[in-house]
Amino acid sequence: IQDRETRQKEWLSKMLLVAFCQKSFNIFKAQKSIQDFYLQKVVSGGVITRFCLRTMNVRRRTKLYQNVTKLRMALAAFARITLPAVKCDAQEVVRSFLQV
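Computed from a predicted model, the values in this text were never measured in an experiment.

Thresholds applied
Residues numbered from 1 in each chain as written. Predicted model: local features only at pLDDT ≥ 70, side-chain atom pairs only at ≥ 80, totals over all residues. Heavy atoms only, no water. Helix = DSSP H or I, 4+ residues; strand = E, 2+ residues; numbered from the N terminus. Rg over C-alpha atoms; globule rule 2.2 N^0.38 Å. Buried < 20%, exposed > 50% of the residue type's maximum accessible area, 1.4 Å probe, protein only. Areas by Shrake-Rupley, 256 points an atom, 1.4 Å probe, with all protein chains shown as cover. Expected span 1.5 Å × (residues − 1). Bend = angle between axes of the 7 residues up to and from the residue. Salt bridge = Lys/Arg side-chain N within 4 Å of Asp/Glu carboxyl O. Phe/Tyr/Trp six-rings, centres within 6.5 Å; stacked < 30°, edge-to-face > 60°. Patch = residues over 30% accessible without salt bridge, like charges linked within 9 Å, V, L, I, M, F, W, Y side chains within 5 Å.

Caption draft 1: Focus on the overall build of the chain. From N to C terminus, the chain includes 1 helix and 0 strands. Taken over the C-alpha trace, the chain has a radius of gyration of 43 Å; the compact-globule value for 100 residues is 13 Å, which it surpasses by more than 25%. Split into buried and exposed, the 100 residues of the chain put 0% on the buried side. With the model as given, the accessible surface of the chain reaches about 9900 Å², and the carbon-plus-sulfur share is 67%.

Here you go:
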């Protein structure tokens, strides 16, 4: 009878250990799934951030190139307009130089 009781105690203690291990594993698994979920959210947020930054950079670059093109056109127009004016102003100086 005593041998039977010791076997029952051993069996119960082993069952308790198995139950504790299973419960610990289930808790760990739940925490791991929550952690993976939040990690996935962080990664997807990074992807969205990189996409937005890339889009904003493309827009800024496009506007910059548009401004550079406008500046070049304005400088070309300014040069076309001012060259005859400079020559016209220089005419008096050249005329006075030639008369001397």
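Still more to cover.
Caption draft 2: Region of interest: helix H1 (residues 2–99). For H1, which comprises 98 residues, the first-to-last C-alpha distance of 141 Å matches the rise-based estimate of 146 Å (1.5 Å per residue) to within 8%. The largest bend in H1 comes to about 30 degrees, at Ala90.

Caption draft 3: Seen up close, the pattern of salt bridges. Inspection of the entire model under this criterion finds 3 salt bridges. One salt bridge in this structure joins Arg7 and Asp3, with 4.0 Å as the shortest N-O distance. On the criterion of helical spacing, the pair formed by Arg7 and Asp3 is a turn pair, its members being 4 residues apart in helix H1. The partner of Arg95 in a salt bridge is Glu92, with the nearest N and O atoms 3.4 Å apart. Taken as a pair, Arg95 and Glu92 lie in helix H1 at a separation of 3 residues, close to a single helical turn. Overall, Arg95 belongs to the partly exposed group, its relative accessible area being 38%.

Caption draft 4: Broad picture of the packing of aromatic side chains. A complete count under the given rule lists 1 aromatic pair for this structure. Centroid distance Phe37 to Tyr38: 5.5 Å. Interplanar angle 65 degrees. Geometry classified as edge-to-face. Phe37 sits in the partly exposed class, given a relative accessible area of 43%. For Tyr38, a relative accessible area of 54% gives the class exposed.

Caption draft 5: Summary view of a nonpolar patch on the surface. A cluster of nonpolar residues, Trp11, Leu12 and Met15, forms a patch on the protein surface that exposes about 350 Å² of accessible area. Counting through the fold element by element, Trp11 comes out in helix H1. Here Trp11 falls in the exposed class, since its relative accessible area comes to 53%.

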